[in-house]
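Given next are the chains, with one letter for each unit.
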Amino acid sequence: MQKLNWRRIVLKVGSALIAPDQDGCRSRYLLTIAQFIVRCRSQGIEVILVSSGSVAAGAHLFPATQERTVKMKKAMAAAGQTEMMAMWDRFFDFPSAQILLTHGDLRDRERYQSIRETVFTLLEHGVLPIMNENDTVTTDDLKVGDNDNLSAMVAAAADADALMIFSDVDGLYDKNPNLHDDAVLLPEIKSIDESIYAMAGCATSAVGTGGMKTKIEAAEKATSHGIVTYIINGFKEQTFTQLLEGKNPGTIFLPYEKPMQEAVHWMTHTANEQGEVVVEGSYDESLEGETGCIRGDEIVAVHGEFAVGDTILVRSNDGTRLAKATANYSSCLLNFIADNEQSEFSDKMQDSIGPVISEKDIALLEKS
Ligand SMILES: Nc1ncnc2c1ncn2[C@@H]1O[C@H](COP(=O)(O)OP(=O)(O)O)[C@@H](O)[C@H]1O
Ligand SMILES: N[C@@H](CCC(=O)OP(=O)(O)O)C(=O)O
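Bear in mind that the values here come from a model prediction, so they are computed numbers and not experimental data. (Residues numbered from 1 in each chain as written. Chains lettered and ligands numbered in written order. Predicted model: local features only at pLDDT ≥ 70, side-chain atom pairs only at ≥ 80, totals over all residues. Heavy atoms only, no water.)

A. Region of interest: the nonpolar core. Membership of the largest hydrophobic core comes to 37 residues, with the highest contact counts inside it found for Trp 88, Met 164 and Phe 166. It is helix H2 (residues 30-42) that provides the largest number of residues to this core, a total of six residues. Excluding its chain neighbours within four sequence positions, the residues that come into contact with Met 164 are Trp 6, Ile 9, Val 10, Leu 11, Lys 12, Phe 36, Tyr 230, Ile 232 and Leu 243. (Core = buried A, V, L, I, M, F, W, Y, C linked by side-chain atoms within 4.5 Å. Buried < 20%, exposed > 50% of the residue type's maximum accessible area, 1.4 Å probe, protein only. Helix = DSSP H or I, 4+ residues; strand = E, 2+ residues; numbered from the N terminus. Contact = heavy atoms within 4.5 Å.)

B. Representation of the site of ligand 2 in the model. Taken together, the neighbourhood of ligand 2 is formed by 13 residues, with Lys 12, Ser 15, Ser 52, Asp 135 and Thr 209 sitting nearest. In this structure, an oxygen atom belonging to ligand 2 sits 2.6 Å away from a side-chain N or O atom of Ser 15. Burial of ligand 2 by the protein amounts to 94% of the accessible area it has alone, namely 380 Å². In the shell around ligand 2, the residues fall into one nonpolar, nine polar and three charged. (Near = heavy atom within 4 Å. Polar contact = N/O pair within 3.5 Å; in protein donor to acceptor, adjacent residues only side chain to side chain. Areas by Shrake-Rupley, 256 points an atom, 1.4 Å probe, with all protein chains shown as cover. Nonpolar A, V, L, I, M, F, W, Y, C, P; charged D, E, K, R; others polar.)

C. Local environment of the site of ligand 1. Taken together, 25 residues are adjacent to ligand 1, and Ser 167, Asp 168, Gly 201, Thr 204 and Lys 215 come closest. In the model, an oxygen atom of ligand 1 is placed 2.8 Å from a nitrogen or oxygen of the Asp 168 side chain. Here Lys 215 contributes a side-chain N or O atom positioned 2.7 Å from an oxygen atom of ligand 1. Considered on its own, ligand 1 offers 580 Å² of accessible surface; in the complex 99% of this is hidden by protein. Tallying contributions element by element places helix H9 (residues 211-223) first for the shell around ligand 1, with three residues. Split by residue class, the shell around ligand 1 holds nine nonpolar, twelve polar and four charged.

D. Examining the sheet that holds strand E9 (residues 275-279) more closely. In spatial order, the strands read E10-E9-E11-E12-E13; together these five strands make up an open sheet with mixed pairing. Strands at the two margins of the open sheet, each flanked by one partner only, are strand E10 (299-303) and strand E13 (362-364). With strand direction ignored, the average angle separating the axes of adjacent strands in the sheet is 25°. Summarising the sheet, strand E12 (residues 321-326) and E13 pair through three bridges and their orientation is antiparallel. Opposite Ala 323, over in E13, you have Leu 364 as the bridge partner. Against the sheet, helix H11 (residues 262-270) engages strand E11 (311-316), E12 and E13, with an angle of about 65° to E13. Its contacts with the sheet put helix H13 (residues 331-339) on E9 and E10, and the angle it makes with E10 is roughly 150°. (Pairing = 2+ DSSP bridges. Axes fitted to C-alpha atoms, helices over the stretch in contact; angles between N-to-C directions.)

Next comes the structure, spelled out in structure tokens:
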């Protein structure tokens with residue numbers, strides 16, 4: 001058997017594989033995935049599992065006649081999560097660990113670093129991290145909402161080499177193969193643009209979330225961090241044999257040749273903005289000048305409430321999203337600076353604290 005040259009991989013398993021009959025967890029497909037994990041580990045590859053399926057696994061514990069409200073789904077997730085963990089754990093003779101996250105955890109830089117440290121420590125000690133969104137505690141504001149995007153954030157946080165999204169289709173087709181008989185499988189995607197998103201439809205199974213759109217979003221997040229991404233069919237045993245032979249059994253998304261640095265990637269793809277500053281001028285004038293930083297006299301307006309260290313959006317006064325950045329000042333202080341740009345106090349403050357946004361804390365966005 002060929003030795004794969006990955007050091008660390010993230011596997012994402014969709015709900016349809018966990019609970020194919022929508023009647024609790026089933027080992028039918030998970031056994032093959034578990035064997036794949038064991039074989040990867042025996043080749044020295046570190047594996048992180050992102051497992052969906054807590055809602056699907058817990059659904060059978062609640063009356064089918066009752067409406068599936070948000071609170072009902074949260075209860076299903078809480079109950080199904082333990083069933084699912086017990087199922088995974090049964091397959092392995094090495095320990096596994098449960099990590100439940102929300103977007104609120106990932107977008108906070110300190111908590112993000114803490115998650116990274118925990119994952120690295122588990123891997124170092126041979127423990128398999130099994131991750132899922134903490135559905136029971138999420139709110140609209142705090143959730144990632146789908147495990148495709150979550151798995152890409154995890155892959156970036158863990159500095160993985162590959163992300164494998166195991167789903168119920170062979171890969172990305174030019175249109176939804178469950179609705180169109182003439183859909184064609186696309187084996188390789190070199191770059192992701194609007195034409196790729198245009199092919200993606202919604203989930204057609206009763207348990208999936210996001211369909212292909214969220215998988216392409218995940219591929220975009222991962223490949224921009226240099227992580228090769230696959231969408232593959234987890235129902236088929238030959239998928240796993242082919243992967244171990246170094247073949248592509250589905251769709252492969254090639255990584256960017258010049259991946260983003262970890263901190264810039266986090267700011268662009270994981271953190272979301274707590275507020276925004278509007279600056280005068282265009283993309284090139286404001287952000288690619290000699291200093292690469294923004295001073296108070298360039299600020300036209302400040303929107304929202306944010307604290308030092310929060311991620312903010314920098315927008316030009318024509319509406320263009322220029323960059324995401326870490327705020328060196330609170331919104332309260334920035335409002336003062338914007339209103340008193342000529343004051344000696346503002347100048348003194350910036351001389352001692354530094355620019356409003358410094359060059360090292362900024363992630364330029366594509367012109368849009
Ligand atoms: N262009 C496409 N190519 C492949 N599948 C697609 C496409 N557009 C929509 N889909 C749908 O996406 C589904 C997979 O997404 P989803 O149900 O969310 O899976 P999972 O639970 O594995 O995340 C497929 O079963 C299919 O119905
Ligand atoms: N966190 C949810 C899964 C959400 C989700 O993205 O599901 P899926 O589209 O099946 O990967 C759960 O455990 O039920």
